[in-house]
Amino acid sequence: MGESQERGAERAAAPTPADVLAAYGPAVGLRGAADAFAGGRKDVPLAKRLANNPLLMAPMAGVTDSAYRMMARAGGADLAYSEMVSCAGLHYGGNGSWELTECADGEPDLAVQLFGTKPELFSEACEGVAERLGTRLVLIDINMACPVPKVTKKGEGAALMETPELAESLVRACVNALEPYGVPVTVKIRRGRRDGEELAPEFARRMEAAGAQAVAVHGRFATQFYHGEAEWDTVRRVAEAVSIPVIGSGDVRDAAAAARMLMGTGATAVMVARGSYGNPWVFSQAKEILAGKESTVPGLVRRIEAFECHMRLLAACGAHLKRGRSLANWYLKGMPEAAFWRGEANKCTTLDEFLRVSARIKEAMAEVEDHGSYAE
């Protein structure tokens, strides 16, 4: 067999992301396959789909790649979002930007979040993403919440809250572009851009009038970045101001917080972001709480085995395995000797190296659990 044939055989033999999830997910309390959002039925209005499927994996730049989204969906997330995607990046043909909009094998569907300031580029991006994803595109979300200066200084992200006419034009451009595909448009906003100047309720009304079918609200001002406490009453005020679904966001650190957001703010759905770090079960835990049950907490060894599943998914998706270093930090949080094990994981560059370290961690954690010397 020639060298090219050997490489082809290796690729054919390599497990797909769907294979990995089916093989390793159920053993760690995850689904072996992810269900499509609301059964994949686009004929059902978005408001109803969100009301019946309210637990969402939030978009996070540099985090929510295909492997991360698949772990979340396997852990009970009803829908997952892409990383923030630049309309300009798509326009100028960057392969890296287009890759952010792709679904992995076994990923049933996707919500894609776009950012920018030019209506014509939003129209072009919407059409391009819709053509590529087809029925797997659930919705297009416009980012009007990102507080990072390199974004806001261009008038993008949270800066759009200070230019509502432009924001309205972006929504209308997306609505018009996506009408032939039957794909809804949503927006994600903050309480306001500047500390003390709440814009969210009125701004949300304007986005609804422009055609947005849902609005996600993060209860901080952009100038707060992620410091301080998110003000959940903002979510309630926005929910009272509009007739479209409101998605609550901010400080949803665990399953109990997700349940409180849904039960106490008038939000139709909730976005979980950092609360999913090292805890893909947070979504199923929230569902247990909402059903009046006690949530299931994974043990130490199971958490490490979930990390192994996540690493295998990263490899199967063709992602850069250095992302595993951040994942190790999250899955190891709160464990005995976590700093030492993080150091060991930070030396890894290949899947085999990560798996060897995780095997050592599992052995150590099994001893801890056997002696009952660690409380979750």
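Residues numbered from 1 in each chain as written. Predicted model: local features only at pLDDT ≥ 70, side-chain atom pairs only at ≥ 80, totals over all residues. Heavy atoms only, no water.

Asks: Where do I start with the overall build of the protein chain in this structure?
Replies: Counting secondary structure elements, the protein chain contains 17 helices and eight strands. Here the C-alpha radius of gyration of the protein chain, 21 Å, is about what a compact globule of 376 residues would show, namely 21 Å. Taken over the C-alpha atoms alone, the protein chain extends approximately 60 × 55 × 40 Å along its principal axes. Within the protein chain, the proportion of its 376 residues that are buried is 52%. When contacts within the protein chain are restricted to residue pairs at least 6 apart in sequence, long-range pairs at least 24 apart make up 69% of them. Working note: accessible area of the protein chain is about 16000 Å², and carbon and sulfur atoms make up 49% of it. Averaged over its 43 positive side-chain charges, the protein chain has a centre that lies 2 Å from the centre of its 48 negative ones. (Helix = DSSP H or I, 4+ residues; strand = E, 2+ residues; numbered from the N terminus. Rg over C-alpha atoms; globule rule 2.2 N^0.38 Å. Buried < 20%, exposed > 50% of the residue type's maximum accessible area, 1.4 Å probe, protein only. Contact = heavy atoms within 4.5 Å. Areas by Shrake-Rupley, 256 points an atom, 1.4 Å probe, with all protein chains shown as cover. Lys, Arg positive; Asp, Glu negative; His and termini not counted. Charge placed at Lys NZ, Arg CZ, Asp CG, Glu CD.)

Asks: Would you mind showing me how to read the sheet that holds strand 8 (residues 269-272) here?
Replies: Sheet strands line up and pair through hydrogen bonds in the backbone, either parallel or antiparallel. Within the closed barrel, the eight strands sit side by side as 1-2-3-4-5-6-7-8. Their pairing is parallel. On average, adjacent strands in this sheet sit at an angle of 30 degrees to one another, irrespective of strand direction. Where strand 1 (residues 55-57) and strand 2 (residues 79-86) come together, two bridges link them in parallel fashion. In the sheet register, leucine 56 faces strand 2, and the bridge partner there is leucine 79. The strands touched by helix 13 (residues 282-290) within the sheet are strand 1 and strand 8, with strand 1 carrying the most contacts at an inclination of about 165 degrees. (Pairing = 2+ DSSP bridges. Axes fitted to C-alpha atoms, helices over the stretch in contact; angles between N-to-C directions.)

Asks: Sorry if this is basic, but what is going on with the pattern of salt bridges here?
Replies: It is possible for side chains bearing opposite charge to pair when their charged atoms get close. Scanning the model with the defined rule gives 23 salt bridges in all. Taking the shortest distance from any N to any O, the salt bridge between lysine 287 and aspartate 78 comes out at 2.9 Å. Taken as a pair, lysine 287 in helix 13 and aspartate 78 in the loop between helix 4 (66-74) and strand 2 lie far apart in primary sequence, 209 residues in all. Residue classification places lysine 287 among the partly exposed residues on the basis of a relative accessible area of 28%. Aspartate 78 sits in the buried class, given a relative accessible area of 11%. The partner of arginine 132 in a salt bridge is glutamate 102, with the nearest N and O atoms 3.9 Å apart. Here the residue arginine 132 occupies a position in helix 7 (residues 119-133), and glutamate 102 occupies one in the loop between helix 6 (95-99) and strand 3 (110-115), the gap between them amounting to 30 residues. Shared partners join several salt bridges into a network, and the residues in it are Arg191, Glu198, Glu231 and Arg237. (Salt bridge = Lys/Arg side-chain N within 4 Å of Asp/Glu carboxyl O.)

Asks: Where do I start with a negative patch on the surface in this structure?
Replies: Negative charge collects at one region of the surface, where Glu120, Glu124, Glu127 and Glu131 lie side by side. On the basis of relative accessible area, glutamate 131 is assigned to the exposed category, the value being 54%. (Patch = residues over 30% accessible without salt bridge, like charges linked within 9 Å, V, L, I, M, F, W, Y side chains within 5 Å.)

Asks: When you look at the packing of helix 10 (residues 200-210) against helix 11 (residues 233-241) in this model, what are you seeing that I'm missing?
Replies: How two helices sit against one another is set out by the angle between their axes and by the gap between those axes. The geometry of helix 10 relative to helix 11 is characterised by a closest axis approach of 8 Å and an angle of 40 degrees between their N-to-C directions. By the angle between their axes, helix 10 is oblique relative to helix 11. Where helix 10 crosses over helix 11, the two elements pack in a sense that is right-handed. Residues Ala200, Pro201, Ala204 and Arg205 of helix 10 lie in contact with helix 11, whose contacting residues are Thr234, Arg237, Val238 and Ala241. Across the contact of helix 10 with helix 11, the residue classes break down as five nonpolar, one polar and two charged. (Parallel < 35°, antiparallel > 145°, perpendicular 65-115°, else oblique. Left-handed = near helix turned anticlockwise from the far one by under 90°. Nonpolar A, V, L, I, M, F, W, Y, C, P; charged D, E, K, R; others polar.)

Asks: Quick question: what am I supposed to make of the environment of glycine 116 here?
Replies: By secondary structure assignment, the location of glycine 116 is in the loop between strand 3 and helix 7. For the pair glycine 116 and threonine 152, spaced 36 residues apart in sequence, the C-alpha to C-alpha distance is 9.9 Å. Leave out the neighbours within four places in its chain, and glycine 116 touches Phe122, Glu156, Leu160 and Leu170.

Asks: Explain empty space enclosed by the protein here, please?
Replies: Rolling a probe over the atoms, with the probe sized like a water molecule, indicates the empty space that remains. Following the criterion strictly, the structure yields one cavity of 30 Å³ or more and no others. As for the largest cavity, its lining consists of Tyr68, Met71, Ala72, Ser276, Asn279, Pro280, Phe283, His310 and Tyr331. Among the elements that line the lining of the largest cavity, the one with the most residues is helix 4, at three residues. Of the residues contributing to the lining of the largest cavity, the split by class is six nonpolar, three polar and no charged. (1 Å grid on protein atoms, 1.4 Å probe; cavity = no way out; pocket = protein on both sides within 12 Å on 5 of 7 lines; lining within 4 Å. Points joined across faces, edges and corners; volume = space filled by probe spheres on them.)

Asks: Mind showing me how you'd approach helix 9 (residues 164-178) here?
Replies: One full turn of an α-helix is made of 3.6 residues, so residues set three or four places apart face in the same direction. Under the 1.5 Å per step criterion, the end-to-end length of helix 9 is 21 Å for 15 residues, consistent within 8% with the ideal 21 Å. Residues of helix 9 that are buried make contact with helix 7, strand 4 (137-144), strand 5 (185-192) and helix 10. (Expected span 1.5 Å × (residues − 1).)

Asks: Would you mind going over the pairing of strand 2 with me for this structure?
Replies: Side-chain direction in a regular strand flips from residue to residue, so the side chains alternate between the two faces of the sheet. Counted residue by residue, strand 2 has eight buried out of eight residues, so it is predominantly covered. When strand 2 meets strand 3, the two strands line up parallel, connected through four bridges. Along strand 3, the bridge assignment pairs tyrosine 81 with alanine 111.

Asks: Would you mind showing me how to read the pairing of strand 8 here?
Replies: Residues Ala269 and Met271 line one face of strand 8 and the alternating positions Val270 and Val272 line the opposite face, and both faces are buried. Looking at chain direction, strand 1 and strand 8 are connected through three bridges and run parallel. Directly across from leucine 56, in strand 8, lies its bridge partner methionine 271. Sheet analysis places strand 7 (residues 246-249) next to strand 8, joined by two bridges and oriented parallel. Note that in strand 8 the partner of isoleucine 247 across the bridge is alanine 269. As for the winding sense of the linkage, the β-α-β connection from strand 7 through helix 12 (residues 255-264) to strand 8 is right-handed. (Right-handed = clockwise from strand over helix to strand, strands pointing away.)

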